[in-house]
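Reading the structure
Here are the chains, one letter per residue:
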Amino acid sequence: MIVAVGKETYEGERRVALVPASVAVLTKGGIEVQIQTGAGLAAGYTDEAYVHAGATIATDRHAMLAGAHIVLAVRLAGADPAADLSWIRAGQVVIAFLDPLSNPKAVEPIAQAGAAALSMELMPRITRAQSMDALSSMATVAGYKAVIMAADALGRMFPMLMTAAGTVAAAHVFVIGAGVAGLQAIATAKRLGAIVKGYDVRPAVREQVESLGAKFVEMPLDAGDAETKGGYAREMDEAFYAKQRELMTSVLKETNVVITTAAIPGKQAPILITGEMVKAMPAGSVIVDIAAERGGNCELTKPGQTVVAHDVTILGPMNMPSTAPYHASQMYAKNITTFLKLLLDKDNQITLNTNDEIIAETLVACGGEIVHPRIRHLLGRPALIPSAPQAQT
């Protein structure tokens, strides 16, 4: 069984799908691992480190990927998927962030080639899949980096300091959304000494926010069933968001840093902060919009840019995990390696047993078809007739 990892081609992507430590785990299990030369350099992993871990370094990217049984990637294709996926052939298995909910057509070349595709962002949020949950891993990095970016952009320090020149007041940080990214942002801001508040439409997370030393902001809103089966915040209607924005304005008036994290998988991020709300914030404040890749939670966010409006700096960072590629790659490699071990039988052959919830939820394409019900619906295709579990090697 040959597993191959190529250098990422997505613009600005610095992560790598396997790190040397994960290579060693696979090679000890009898799997041959091939790494394209230079694949890990941007993340801080040298070819020599991969060789020491038991990998083979390949200089011919196309030949390496075409000859592999399994291809692992962070983002499978770059700006030109048709050209970058030219190596795909029938019988292969590819595992990566495929973004099928936002761009379902991007998976079609894989299906048409007869390869099987499993998408890491579709990993179900169940206890058994926690060690494979790459979205949560990357959200951890994003939450941490958001605070570091905010601290760098803010014209004041986070902690309260007692100095000979007088007392320095602590910064006030407000984190909107208490998922993995939000909780990590709260923890990081507290470590830096800020006074932190957190808010989420899901009342159940209050205990988690308070356990990190932050104050939970209560808003008299009927959130109803605010959480999906998969553990994500559910999209609410515009009337709810309008009332939420009205109540949130009073908090923003006393806030120096706002970090927004609200994202709905496969959909445009909800607008939580309007231009008028930004106007109410203290001069010199900072907003870091983690949801910028989905359009942003702030009305004034420009994805990939930093803008200043009403004396407030608004950061719209893209691909935040890639800004800390060493540890982001380490975490992702652990997730994808654990997932791969689930797929392999005792003879190191891939078995796509769709009776397993984890495999069924992540399998997007197999046997020449798009098989995931949600992706088929997005493409306007009829549901498939259930069949027996499929095996692919």
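For the structure, see preceding data.
Quick notes on the rules
- Residues numbered from 1 in each chain as written.
- Predicted model: local features only at pLDDT ≥ 70, side-chain atom pairs only at ≥ 80, totals over all residues.
- Heavy atoms only, no water.
- Helix = DSSP H or I, 4+ residues; strand = E, 2+ residues; numbered from the N terminus.
- Rg over C-alpha atoms; globule rule 2.2 N^0.38 Å.
- Areas by Shrake-Rupley, 256 points an atom, 1.4 Å probe, with all protein chains shown as cover.
- Lys, Arg positive; Asp, Glu negative; His and termini not counted.
- Charge placed at Lys NZ, Arg CZ, Asp CG, Glu CD.
- Pairing = 2+ DSSP bridges.
- Buried < 20%, exposed > 50% of the residue type's maximum accessible area, 1.4 Å probe, protein only.
- Core = buried A, V, L, I, M, F, W, Y, C linked by side-chain atoms within 4.5 Å.
- Contact = heavy atoms within 4.5 Å.
- Salt bridge = Lys/Arg side-chain N within 4 Å of Asp/Glu carboxyl O.
- Right-handed = clockwise from strand over helix to strand, strands pointing away.
- Phe/Tyr/Trp six-rings, centres within 6.5 Å; stacked < 30°, edge-to-face > 60°.
- Lys NZ or Arg CZ within 6 Å of the ring centre and 35° of its normal.

Check the secondary structure of the chain and you find 13 helices and 19 strands. Against the compact-globule benchmark of 21 Å for 393 residues, the chain has a radius of gyration of 22 Å, which places it among compact chains. A principal-axis box enclosing the C-alpha atoms of the chain has dimensions of 65 × 50 × 35 Å. Surface summary for the chain: the accessible area is close to 17,200 Å², and the carbon and sulfur share equals 53%. The averaged location of the 37 negative side-chain charges in the chain is 3 Å from the averaged location of its 33 positive side-chain charges.

Turning to the sheet that holds strand β14 (residues 306-309), a few remarks are in order. Taken together, 7 strands build an open sheet; the order of strands is β11-β10-β9-β12-β13-β15-β14 and the sheet is mixed. Both outer strands of the open sheet, β11 (215-216) and β14, are each paired with one neighbouring strand and no more. Of the strand pairs in this sheet, strand β9 (residues 172-176) and strand β12 (residues 257-260) are connected by 4 bridges, and their pairing is parallel. In the strand pairing of β12, I176 is matched with T260.

Let us look at the environment of L343. One can find L343 in helix α11 (residues 325-343). Taking relative accessible area as the criterion, L343 reaches 1% and is therefore assigned buried. Along the sequence, L343 and V371 sit 28 residues apart, while their C-alpha atoms lie 17 Å from each other.

We now examine the nonpolar core. In terms of nonpolar packing, the biggest core is built from 76 residues, with I70, L72, L76, I95 and Y332 touching the most fellow members. Looking at this core element by element, the count peaks at 7 residues for α11. Setting aside anything within four residues of it in sequence, one finds L72 in contact with V3, A4, V5, G6, A17, L18, I95, I336 and L340.

Here we come to the pairing of strand β5 (residues 93-97). Side-chain direction in a regular strand flips from residue to residue, so the side chains alternate between the two faces of the sheet. Within β5, 5 of the 5 residues are buried, which leaves it mostly tucked inside the rest of the structure. Two elements, strand β4 (residues 70-75) and β5, share 4 bridges in a ladder whose sense is parallel. What sits directly across from R75, in β5, is F97. Across 4 bridges, the pairing between β5 and strand β6 (residues 116-119) is parallel. Across the sheet, residue A96 finds its bridge partner in β6, namely S119.

Before going further, it helps to examine the environment of L384. Considering the arrangement of structural elements, one finds L384 in the loop between α13 (373-378) and β19 (390-391). In sequence terms L384 and E369 are 15 residues apart; their C-alpha atoms lie 9.4 Å from each other.

With that settled, consider the pattern of salt bridges. Summed over all chains, the structure comprises 14 salt bridges. Between R128 and D356 there is a salt bridge; the shortest N-O distance is 2.9 Å. Of this pair, R128 sits in the loop between β6 and α6 (134-153) while D356 is found in the loop between β16 (351-352) and α12 (357-362), placing the two residues 228 residues apart along the sequence. Between R206 and E218 there is a salt bridge, and its shortest N-O distance comes to 2.9 Å. Here R206, found in helix α8 (residues 206-211), pairs with E218, found in the loop between β11 and α9 (238-252); they are 12 residues apart in sequence, far enough to count as distant. Of the residues examined, E218 reaches a relative accessible area of 58% and is grouped as exposed. One connected set of salt bridges, linked through shared partners, spans E13, R15, R75 and E293.

Moving on: the pairing of strand β10 (residues 195-199). Both β9 and β10 contribute to a ladder of 5 bridges, which runs parallel. Counterpart to I176 in the pairing with β10 is Y199. For the handedness criterion, the β-α-β arrangement of β9, helix α7 (residues 180-191) and β10 is classed as right-handed. Here β10 pairs with β11 via 2 bridges, running parallel. Within β11, the residue paired with K197 across the bridge is K215. Following the backbone out of β10, through α8 and into the adjacent parallel β11, one traces a crossover that is right-handed.

Right, let's talk about the packing of aromatic side chains for a bit. Two descriptors summarise a pair of aromatic rings, namely the distance from one centre to the other and the angle between the planes of the rings. The final tally for this structure, using the stated rule, is 2 aromatic pairs. Both rings, one in Y45 and one in Y326, keep their centres 4.6 Å apart while their planes meet at 10°; by these two values the pair is stacked. Here Y326 lies in helix α11 and Y45 lies in the loop between β2 (32-36) and α2 (47-53), a separation of 281 residues in the sequence. Consider the rings of F97 and Y332, whose centres lie 5.3 Å apart with planes at 35°: the pair is tilted. Linking F97 in strand β5 with Y332 in helix α11, this pair joins segments that are 235 residues apart in sequence. Each member of the pair, F97 as well as Y332, carries the same accessibility label: buried. We note R75 situated over the ring of Y10; from NZ or CZ to the ring centre the distance is 4.2 Å.

Such coordinate-based values are descriptive only and should not be taken to indicate function.
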